[in-house]
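Reading the structure
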Amino acid sequence: MWTLLVRSCSRLPAGVRGRAHRLTALGTEDGTVEAPATGRQFPCTDVMRSIRQIILNCKAELVALKKCEPGFHPRLAFLQAGDGDISEVKKMAKEVGLHVVQVHLPEGTATEEVVNEIIKLNEDPKIHGLVLPHSLVSEVTVSMVNPEKDIDGITDVNLGRLVRGNLSECFVPPTASAVMELLEQADLLSLGRKVLIIGEGGSLEAALQKLVQMEGLVAVSCQWQSTNVMELVNQTDVVVVTSPAPEGHKDDWLRDNTTIIVYDLPAFSSSPSYQGFQHNEPGPSHNGIGLLTGALRIKNTVESSTRWLKQQQHKRWNLLPLKLHPISPVPSDIEISRAQTPKPVGILAKEIGLHPTEIEAYGRNKAKVKLSVLDRLKGQEEGKYVLVAGITPTPLGEGKSTVTIGLVQALGAHLDVNAFACVRQPSQGPTFGVKGGAAGGGYSQVIPMEEFNLHLTGDIHAITAANNLLAAAIDARMLHEATQSDQALYNRLVPTVNRERHFSAIQLARLARLGIQEKDPHALTPGEIAKFVRLDIDPSTVTWQRVVDTNDRFLRKITIGKSNTEKGFIREAQFDIAVASEIMAILALTDSLADMRNRLGKIVVANDRKGQPVTAEDLGVSGALAVLMKDAIKPTLMQTLEGTPVFVHAGPFANIAHGNSSVLADKLALKLVGKEGFVVTEAGFGADIGMEKFFNIKCRASGLQPDVVVLVATIRALKMHGGGPSVTAGKPLSKEYTEENLKLVADGCCNLQKQIQIAQLFGIPVVVAVNVFKTDSEAEIDLVCNIAKGSGAYDAVPCNHWAAGGRGAVQLAEAVRKAADQKSSFRYLYDLKMPIVEKIRTIAQEVYGAEDIELSPQAQSKVDLYVSQGFGELPICMAKTHLSLSHQSERKGVPSGFILPIRDVRASIGAGFIYPLVGTMSTMPGLPTRPCFYDIDLDPDTEQVQGLF
């Protein structure tokens, strides 16, 4: 505690008595000074008046803050080793309206444990001030304190800001502020006065020296070991002592009329030279915190709270775009990517309004973003929501990803609009198979593209681990149930440990679902035990498969359990590619960690022999799945070639799942861009698949409504739909695609017109983006734009983003901005209460143009089963080819009069949709004769990846 203590000169040691004009020290708590010879008390009116004014000012400021944010309750945290009395600070804080939190650690606590507690307090958004006692201060612990919560001003960041004179962004150490308060009250802040600071030369001395200099005084610092201490004292008017003198140090260093300010008086009690200065009862030390220091700490905490609230208010990003220098001919994607140096991800995060504690860096170029940002920005208005879809593509793809990135580069780097791209994470299968990466291309791509396409932050590996843990749990449970009695199963499922037996939380939840109220493992009846331990899975109904993120056709059908240890428990199974896992679809649709945990528990893996669904929760594995996925749920922050932000998150298989990036990435981005900003996200495949699923599945899950649809078309694809020759990946295009042919383009625009109509079914304005290739003629481009606008598109523009970057998509960006201001009337295609078959029929007729649907007996029986199990009101996720509006990939243009065959119907209950299978649909791609990996290698000297696109 800080108070003013004036000692009678008669009590000063010999050699000092008569020399000191005044001794100003910091030690008692009751706001008085004592003349020890008489015991008479004198009120320290100036100091107490200052403390009182600080408290009143803080109270008024906090009241004003709470009027604006009624639910705002800032906290000041004290991390303490052992017991410490901070009752006086609590009294002041209570009057101000500030909550005080004490975190007690045992004396001698290891530094690692102290650091862990600091990290917890750093990450707690309710904590706005953090105090470390002197006993816990070290280079390691101080470096871990969040500078924005460092109300003691001990971190290098705050000291650096102070030294630079940036007082509006730093926290001045309360101890140093208290000294300055005493100097001011003693009328010692006169220009030209000399102040000597004697101590250890640490942060306190540095802060004091700067503050003294800022008042126009001359400040000099030295340590006790300095040989010229006496000389310096004789040259100064005020001496500030911040640490005890070494034993044996003489006390003849004082001169007449010297003003001495002693910091932390009790620390001097062991020094023989200062025995006369020792206060017999200085009051509780409170870890050396004086009343004035406590008041100033409260002041800094209120200031921290004010700054934090201001940071929550949206403001235009301070984004510094990266310059592009496009060259022609356009180099390979990898050459373009390596020619650009990305901003460090920490700088990018700061530019877009993320706090340092809200990101977890994975190297220099990418970082996970914590979901706590959503809580911090919950009151923030959201930006415009743009979906990029496409016409029915050729096998080569038509550039939805490049349009997505080019559009965001145009908005953010050229039109100075807050803009975020949200894209899917690519699978390793296509990367090493046929298609290649998914980072965009040319001068519109995510960088570094090697990191984007290879591993990223490990989300797909986490999904693979979780998926296969569940698969292992299914087969293990079936084996154990088949080979053990009820009692033996029970003894192993609920074992006795240290003579005690308890149900786990997941097991208690299962008991509740079974209607068993008993919680004592010893009290269950034999019937209840049998009911509890037997899932009784029907092996023929197991739908959960193992996954691997590699195109491996020989895993499409396998036999498992052939080892003798499995006791003849053999069944047929298969592997899917990892992105086809329902866990990936769950990751893309969840909106919180709790929701993900709930969805994982709902995964239906099989039916029991009575036809009832068996879930991951029944298997007791759902909690473990959530643990494996706890980091994967955080979107990954990267950037475009022009330094605009990108969220890369989730990558659900676009055939059997909805094929869109995550709800969480979109929600985070919409908050970060603010009311005037734009979030651009991409749907998989053509508008008939990716866009329809985006609206009917993803928008239902998120509650978000898009403002604009950007429909990507290429002259190449339109010519194919107009009757051009087939297009095959890896083979040169025929001359019809490289030479002007207006008739083929005009005939193929029927597919573009149909896709525009599909978007209009949902009431959203459409902007057509013609992705220009160098072989396209101006006449062909103009023809497409005119037909598109005549068919109901709000606008249609050519885009040259692949060759020119964001500059080549400025016209598209301006069209999107105007379209986003149009009134929309978003609506879903069907009501969830419609029967499953009717929902399928509605999609087939309204979107694909089919005459009707035809369910196989197997599909109809599955529909009946799902309805009986209570899953009839889920949305529909159609699994069909993306190469045609129909189920037959060779039928181009706008097929009509066809009957859509539904050969099977399956369910992803955790993800929350029913998916009918149209025709043959493989969930495990195979490698071609010449996969991409033939070109991929590693330079052992530079460690650079070679041959990747």
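Every value quoted in this text rests on a predicted model; they were computed, and no experiment measured them.

Procedures and definitions
- Every chain is numbered on its own, with residues counted from 1 as its sequence reads.
- Thresholds applied to this predicted model are a pLDDT of at least 70 for local features of residues and 80 or more for the giving and counting of side-chain atom pairs; totals over whole chains, interfaces and linings are not thresholded and use all residues.
- Side-chain measures were taken over the full set of non-hydrogen atoms in the model, leaving aside hydrogen atoms and water.
- Secondary structure elements are defined from DSSP: runs of H or I of at least 4 residues count as helices, runs of E of at least 2 residues count as strands, and each element is numbered from the N terminus.
- By this rule, a helix spans an expected 1.5 Å times one less than how many residues it contains.
- Values of bend correspond, residue by residue, to the angle between axes fitted over the seven residues ending at that residue and the seven starting there.
- Relative accessible area decides the class of each residue, using a 1.4 Å probe on protein chains only: under 20% of the type maximum gives buried, over 50% gives exposed, and in between gives partly exposed.
- Only protein atoms enter the calculation, which uses a 1 Å grid: trapped sets of points that fit a 1.4 Å probe without letting it out are cavities, open sets showing protein on both sides within 12 Å along at least five of seven lines are pockets, and any residue with an atom within 4 Å of a point is a lining residue.
- Grid points are joined across faces, edges and corners, and a volume is the space filled by probe spheres set on the points.
- Basically, the charged four are Asp, Glu, Lys and Arg, the nonpolar ten are Ala, Val, Leu, Ile, Met, Phe, Trp, Tyr, Cys and Pro, and anything else, Gly included, counts as polar.
- Only heavy atoms enter the contact rule, under which two residues are in contact if any of them lie within 4.5 Å.
- The pairing criterion is simple: DSSP has to find at least two bridges between the two strands.
- Working definition: a ring pair exists when centres of Phe, Tyr or Trp rings (six-membered ring for Trp) sit within 6.5 Å. Plane angles under 30 degrees give stacked, over 60 give edge-to-face, the rest tilted.
- Axis angles are defined between N-to-C directions and span 0 to 180 degrees, where every axis is a line fitted to C-alpha atoms and, for a helix, only to the segment in contact.
- Any angle between 65 and 115 degrees counts as roughly perpendicular, while under 35 counts as roughly parallel, over 145 as roughly antiparallel, and the rest as oblique.
- Each crossing gets its hand from how the near helix is turned against the far one by less than a right angle, where anticlockwise is left-handed and clockwise is right-handed.
- The score called pLDDT rates the predictor's confidence residue by residue, from a low of 0 to a high of 100.
- Salt bridge criterion: a side-chain nitrogen from Lys or Arg within 4 Å of a carboxyl oxygen from Asp or Glu.

1. Remarks on helix α28 (residues 742-761)
Between the first and last C-alpha of α28 there are 29 Å, a value that for 20 residues agrees with the 28 Å anticipated at 1.5 Å per step. G748 marks where α28 bends most, by close to 30 degrees. If you check which residues of α28 are buried, you get L744, V745, G748, C749, N751, L752, K754, Q755, I756, I758 and A759. The positive-phi residue at the C-terminal boundary of α28 is G763, with phi of around 75 degrees.

2. A look at empty space enclosed by the protein
Where empty space is left in the structure can be found by rolling a water-sized probe over the atoms. Considering all chains together, one arrives at three cavities of 30 Å³ or more under this definition. Counted as a void, the second largest cavity has a volume near 70 Å³. Q428, N453, L454, H455 and D549 are the residues nearest the centre of the second largest cavity, which is lined by 11 residues in total. Of all the secondary-structure elements, those providing two or more residues to the lining of the second largest cavity are α14 (428-432) and α16 (459-483). Per-element tally for the lining of the second largest cavity: the top contributor is α14, with three residues. Residue composition of the lining of the second largest cavity, by class: four nonpolar, six polar and one charged.

3. Re the environment of G441
Summarising the element assignment, G441 is placed in strand β16 (residues 440-441). For the pair G441 and V403, spaced 38 residues apart in sequence, the C-alpha to C-alpha distance is 9.4 Å. Once residues lying within four places of it in the same chain are set aside, the contact partners of G441 are D333, T402 and W802.

4. Some words on the pairing of strand β29 (residues 708-713)
Along β29, six of the six residues are buried, which leaves the element largely enclosed by surrounding structure. Covered by surrounding structure in β29 are V708, V710 and V712 together with V709, L711 and A713, the residues of both alternating faces. Two strands pair when backbone bridges link them, and β29 and strand β30 (residues 766-771) are joined in this way by five bridges, in the parallel orientation. Following the sheet pairing, A713 is matched in β30 by V770.

5. Focus: the packing of aromatic side chains
Inspection of the entire model under this criterion finds 12 aromatic pairs. Note on F695 and F826: the rings are 5.5 Å apart at their centroids and 55 degrees apart in plane angle, and the pair reads as tilted. With F695 in helix α25 (residues 687-702) and F826 in the loop between α31 (810-820) and α32 (836-848), the pair connects residues that are 131 residues apart, well separated along the chain. Of the two residues examined, F695 and F826, each falls in the buried class. With centroids separated by 5.2 Å and ring planes inclined at 80 degrees, the aromatic side chains of F826 and Y828 adopt a geometry described as edge-to-face. The buried category is assigned to F826, whose relative accessible area is 14%. Residue Y828 is classed as partly exposed on the basis of its relative accessible area, which comes to 33%. Each member of the aromatic cluster is reached from another via a ring pair, and the members are Y385, F694, F695, F762, F826 and Y828.

6. Description of the packing of α16 against helix α23 (residues 622-629)
Axis separation between α16 and α23 bottoms out at 9 Å; the angle between their running directions is 165 degrees. The orientation of α16 relative to α23 falls into the category roughly antiparallel. Helix-helix and strand crossings are classified by hand; for α16 and α23 the assignment is right-handed. Residue-level contacts link A462, I463, A465, A466, L469 and L470 of α16 to A624, L625, L628 and M629 of α23.

7. A word on the confidence of the model for the protein chain
In the predicted model, the protein chain carries a mean pLDDT of 86, and the fraction of residues at 70 or more is 89%. Ignoring residues within four places in sequence, the model shows residues 1-43, a span with pLDDT below 50, making 134 contacts including any to other chains. Overall, residues 265-289 carries pLDDT values under 50, and its contacts beyond four positions in sequence, including any with other chains, amount to 61 contacts.

8. Remarks on the pattern of salt bridges
Inspection of every chain in the model, using the stated rule, returns 35 salt bridges. When the shortest N-O distance is used, the salt bridge between R307 and E303 registers 3.1 Å. On the criterion of helical spacing, the pair formed by R307 and E303 is a turn pair, its members being four residues apart in helix α9 (residues 291-312). The class of R307 is buried, set by a relative accessible area of 15%. Across the salt bridge formed by D486 and R534, the nearest N and O atoms sit 2.7 Å from each other. Here R534 lies in the loop between α19 (526-533) and β20 (546-548) and D486 lies in helix α17 (residues 486-493), a separation of 48 residues in the sequence. You can call D486 partly exposed: its relative accessible area is 27%.

9. Brief notes about the environment of I86
Along the chain, the position of I86 falls in the loop between β5 (75-81) and α2 (87-96). By relative accessible area, which is 2% here, I86 ends up buried. Separated by 16 residues in the primary sequence, I86 and Q102 place their C-alpha atoms 9.0 Å from one another.

10. Concerning the sheet that holds strand β7 (residues 127-131)
As summarised here, the arrangement of the three strands in space is β6-β5-β7, forming an open sheet in which the pairing is parallel. Two strands close off the open sheet at either side, each with one partner strand: β6 (99-105) and β7. Shown here is a sheet whose adjacent strand axes are inclined to one another by a mean of 25 degrees, direction ignored. As defined by bridge partners, β5 adjoins β6 across seven bridges and the pair is classed as parallel. Residue A77 lies in a different strand from β6, and its bridge partner there is V101. Contacting β5 and β7, α9 crosses the sheet at an angle of about 145 degrees to β7.

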